[in-house]
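# Fold and geometry: a report
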Amino acid sequence: MTVDYEVTASAPGKMIVLGEHSVVYGKPAVAIAIDKRTVTKVSKCDDFYVNGYRPLAGAHPHIRSIMLDNNISSLSVYGDTTLPTSSGLGSSAALSSSLSLAVRTLYGKDTDKETIARESFEAEWFAQGRASPLDTSTCTKGGGVALNSPEGLGRHLWTIDKAGKTWDVKEIDVPDMTFVIGYTGIHAPTGPIVEKVRKYKEHNKFAADIIDEMGLIALIGMNAMRRNDKEDLGDAMTKNHKLLSILGVSCNELNKLVNATLPYSYGSKLTGSGGGGSMIALTDEPEKVCEAITLRGGTPIIVHTDTEGVRLEENTAE
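Residues numbered from 1 in each chain as written. Predicted model: local features only at pLDDT ≥ 70, side-chain atom pairs only at ≥ 80, totals over all residues. Heavy atoms only, no water.

## Describing the overall build of the protein
Broken down by element type, the protein carries nine helices and 12 strands. Computed over the C-alpha atoms, the radius of gyration of the protein is 19 Å, within 12% of the 20 Å expected from 2.2 N^0.38 for a compact globule of 318 residues. Considering only C-alpha atoms, the protein reaches an extent of 55 × 40 × 35 Å along its principal axes. Sequence-distant contacts in the protein: of pairs separated by 6 or more residues, those separated by 24 or more amount to 74%. Side chains of the protein carry 33 positive and 40 negative charges; the gap between the two charge centres is 5 Å. (Helix = DSSP H or I, 4+ residues; strand = E, 2+ residues; numbered from the N terminus. Rg over C-alpha atoms; globule rule 2.2 N^0.38 Å. Contact = heavy atoms within 4.5 Å. Lys, Arg positive; Asp, Glu negative; His and termini not counted. Charge placed at Lys NZ, Arg CZ, Asp CG, Glu CD.)

Here it is in structure tokens:
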């Protein structure tokens, strides 16, 4: 394998505070970047390699999508991450965002954040068959990102249209709050769960009503966040989790962690597509929440929310 000079980029993971699944259908949602990152290194070479190996046909759809968008067929990609995969914490979005920045830098193309957000969203859609730009916009921009929030709530970043849906992406201020993530250890790929919800919504009006209600709850929570009202935000989170459970995307392990953390939290819920992965708790007692998660077999992660978005790393070649 002959390689040319290397470019390295990284992007943070994310947690969805409110609005997963309903955001796919144009409803409001808010997410926050977290200080766990994916690092992606790329270089020109004579074939296609991922971590030193030629991948099987159809493997690594996110990488293949970004290669197609940039009209390249050969590339060496090395990835490393502190994010557990299929955990609801944006591992694929962080990969897509960091890879987009690295590839576009390598080939001397535009690297503004809107371009990166659009390209990484297309990679998510290509890989999953359906997605919203919430994860990729958050991993690209960093901080807090809201989709389809009311006028006056957040600062406009960009608008993304796909398959008849429109998402207005905004930067939103995040007050100083403490969240604890509880990772179940269960890998739950996003695509099949998103497809399950789509079928349920199309064939059951009750599911469509749940999605509408989740959109309203997300608006309530966004306004609570703007007021730095932890009690109202936590209440919205817990209500959101109950609706996600009714929708069929939670699981026993997630519910155990949510229930265990509620006595020490303003609110708790699953985060991401569900089926496993992770939950989050808004709390002023992170040590007690961590202990409750550990006792139920989960892995706790205390989250710092003032996190930078996608960026080039120091060893980037000139």
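## Regarding the packing of helix H1 (residues 61-69) against helix H3 (residues 113-128)
The interhelical angle for the contact between H1 and H3, taken along N-to-C directions, is 130°, at an axis separation of 8 Å. The orientation of H1 relative to H3 falls into the category oblique. Here H1 runs over H3; the crossing is right-handed. Within the contact between the two elements, H1 uses Pro61, His62, Ser65, Ile66 and Asp69 and H3 uses Glu119, Glu122, Ala123, Glu124, Phe126 and Ala127. (Axes fitted to C-alpha atoms, helices over the stretch in contact; angles between N-to-C directions. Parallel < 35°, antiparallel > 145°, perpendicular 65-115°, else oblique. Left-handed = near helix turned anticlockwise from the far one by under 90°.)

## A look at the state of the cysteines
This structure, assessed with the given rule, holds zero disulfides. Cysteine Cys251 remains unbridged, with the sulfur of Cys290 as its closest cysteine sulfur at 19 Å. By relative accessible area, Cys251 is classed as buried at 16%. (Disulfide = S-S within 2.5 Å. Buried < 20%, exposed > 50% of the residue type's maximum accessible area, 1.4 Å probe, protein only.)

## A short note on the side chain of Ser65
With respect to the helices and strands, Ser65 occurs in helix H1. When sequence neighbours within four positions are dropped, the list of residues in contact with Ser65 reads Glu122, Ala123 and Phe126.

## Comments concerning the nonpolar core
Of all hydrophobic cores here, the largest spans 89 residues; its most connected members are Val17, Leu18, Val42, Phe179 and Leu233. By residue number, the principal contributor to this core is helix H6 (residues 205-226), which donates nine residues. Not counting the four nearest positions on each side in its chain, Phe179 is found in contact with Met15, Val17, Ile32, Met237, Ile280, Ala281, Leu282, Ile301, Ile302, Val303 and Thr305. (Core = buried A, V, L, I, M, F, W, Y, C linked by side-chain atoms within 4.5 Å.)

## A word on the pattern of salt bridges
Where side chains of opposite charge bring their charged atoms close, a pairing between them can arise. This model, assessed by the stated rule, comprises 21 salt bridges. The salt bridge involving Lys27 is made with Asp212; its shortest N-O contact spans 2.9 Å. Linking Lys27 in the loop between strand S1 (3-18) and strand S2 (29-45) with Asp212 in helix H6, this pair joins segments that are 185 residues apart in sequence. For Glu202, the salt bridge identified is with Arg198, shortest N-O distance 2.9 Å. (Salt bridge = Lys/Arg side-chain N within 4 Å of Asp/Glu carboxyl O.)

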